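A structural walkthrough
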Amino acid sequence: MAKKQKKQWFENEKFWLNYGPIMFDAQRWAEAPAVADSVCKIAGLKKGSSVLDAGCGPGRISIELAALGMNVTGVDLIQGELDAAKESAEAEGVKLNLVKADLRKYQSKEKFDCAVNLFTSFGYCETIEEDVKILQNIYSNLKDDGWFILENISRETAILYFTEGEWFERAGKTVLTEFHVEGAWEGLRSKWILIDNKTGERTEHEFVQRLYSGIEIKRLLTGIGFKSVEVYGDFDFSPYNEKARTMVVVARK
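Note that the structure is predicted; figures quoted are calculated from it, not measured.

**Looking at the overall build of the chain**
- Scanning the chain for helices and strands turns up seven helices and 11 strands.
- Over its C-alpha atoms the chain spans a radius of gyration of 18 Å, differing by no more than 12% from the 18 Å that the globule rule assigns to 253 residues.
- For the chain, with 253 residues in total, the buried portion stands at 49%.
- Sequence separation of at least 24 residues holds for 63% of the intrachain contacts in the chain that already meet a minimum separation of 6.
- A total of about 13100 Å² of accessible surface is found on the chain, and carbon and sulfur atoms cover 51% of it.
- Of the charged side chains in the chain, 34 are positive and 39 negative, and the gap between their average positions amounts to 5 Å.

If you want it as structure tokens, here you go:
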């Protein structure tokens, strides 16, 4: 009998129930329209274009893409996040195709004009092979000449903006964070402590995100089969240099 595989932390529904409102705060939602507009411009999308939001979470970007006339499929592993996306889409009067699936396994019969993986949603798997499988599946789910846009913390931006920790108030909680470097900047260990401001209840979670450099991601995507891969410092095509705000990777199948 095959041994049941242990769930990884990001597969835990309770984690997202506690931490989702902290990660996807009002500022993140306010940024979504501009990001969706940038995605459409980068990939040359028109009304009716099909977009795969790989790791859609509560639907921030999916909803804005749908509002721009895109045919959006949002895929996520967490039912609670999909339920939140459905509720928000209905409130905004837009239609989303929401699918509960693991990106390490997800294969769609429909092929997409564009796929996105945004807001540092990559690098959490236990192995590099699992990360690569996600990228391979995204590639196979694209039409020929389709676009893939990845926005993620990278090794370079982690170094540029490294802090040992901070604290802030959000969603009725005091949030304390601690960050430590894993190995030779191979990963970033993050510890998040939430203290409920009313009850004093304390919740802790610690996880590691694998850090890829810009050139490593470029080589991975090229090896998978993408015919062009460019790395930028933001959605405005600014250079990926010492002034980069984030890492935005634009790949063409």
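Following the structure, the description resumes.
**Looking at the packing of helix α5 (residues 128-140) against helix α7 (residues 214-224)**
- For the pair α5 and α7, the least separation of the axes is 10 Å and the interaxial angle reads 50°. One element, α5, and the other, α7, form an angle in the oblique class. For the crossing formed where α5 meets α7, the hand is right-handed. Along its contact with α5, which presents Val132, Leu135, Gln136 and Tyr139, the element α7 presents Leu220, Leu221 and Ile224.
- Its residues placed into classes, the contact of α5 with α7 shows six nonpolar, one polar and no charged.

**Looking at the packing of helix α2 (residues 26-43) against helix α3 (residues 60-67)**
- In contact at an axis separation of 8 Å, α2 and α3 are set at 55° when each is read in the N-to-C sense. By the criterion of interaxial angle, the relationship of α2 to α3 is oblique. When you trace α2 past α3, the crossing you get is right-handed. Here α2 contributes Arg28, Trp29, Ala32, Pro33, Val35, Ala36, Val39 and Cys40 to the contact with α3, which in turn contributes Arg60, Ile61, Ile63, Glu64 and Leu65.
- Looking at side-chain class alone, the contact of α2 with α3 contains 10 nonpolar, no polar and three charged residues.

**Points about the sheet that holds strand β6 (residues 165-170)**
- Overall, antiparallel pairing links the four strands, which are arranged β6-β7-β8-β9 in an open sheet. The open sheet has two edge strands with one neighbour each: β6 and β9 (202-210). When strand polarity is set aside, the average angle formed by the axes of neighbouring strands in this sheet is 20°.
- Pairing between strand β8 (residues 187-196) and β9: nine bridges, direction antiparallel.

**Things to note about α2**
- Between the first and last C-alpha of α2 there are 27 Å, a value that for 18 residues agrees with the 26 Å anticipated at 1.5 Å per step.
- The largest bend along α2 measures about 35° and falls at alanine 32, with the proline proline 33 one to four residues further on.
- Among all positions in α2, only Ala32, Val35, Ala36, Ser38, Val39, Cys40, Ile42 and Ala43 are buried.
- Elements in contact with the buried residues of α2: α3, β4 (112-117), β5 (142-152) and β11 (247-252).
- Phi turns positive one or two residues past the end of α2, at glycine 44, with a value near 60°.

**Topic: the pattern of salt bridges**
- This structure, assessed with the given rule, holds 13 salt bridges.
- A salt bridge links aspartate 113 to lysine 143, with the nearest nitrogen and oxygen atoms 3.1 Å apart. With aspartate 113 in strand β4 and lysine 143 in strand β5, this residue pair connects regions lying 30 residues apart in the sequence.
- Taking relative accessible area as the criterion, aspartate 113 reaches 23% and is therefore assigned partly exposed.
- Its relative accessible area of 36% is what places lysine 143 among the partly exposed residues.

Reading the values: rules and limits
Residues numbered from 1 in each chain as written. Predicted model: local features only at pLDDT ≥ 70, side-chain atom pairs only at ≥ 80, totals over all residues. Heavy atoms only, no water. Helix = DSSP H or I, 4+ residues; strand = E, 2+ residues; numbered from the N terminus. Rg over C-alpha atoms; globule rule 2.2 N^0.38 Å. Buried < 20%, exposed > 50% of the residue type's maximum accessible area, 1.4 Å probe, protein only. Contact = heavy atoms within 4.5 Å. Areas by Shrake-Rupley, 256 points an atom, 1.4 Å probe, with all protein chains shown as cover. Lys, Arg positive; Asp, Glu negative; His and termini not counted. Charge placed at Lys NZ, Arg CZ, Asp CG, Glu CD. Axes fitted to C-alpha atoms, helices over the stretch in contact; angles between N-to-C directions. Parallel < 35°, antiparallel > 145°, perpendicular 65-115°, else oblique. Left-handed = near helix turned anticlockwise from the far one by under 90°. Nonpolar A, V, L, I, M, F, W, Y, C, P; charged D, E, K, R; others polar. Pairing = 2+ DSSP bridges. Expected span 1.5 Å × (residues − 1). Bend = angle between axes of the 7 residues up to and from the residue. Salt bridge = Lys/Arg side-chain N within 4 Å of Asp/Glu carboxyl O.

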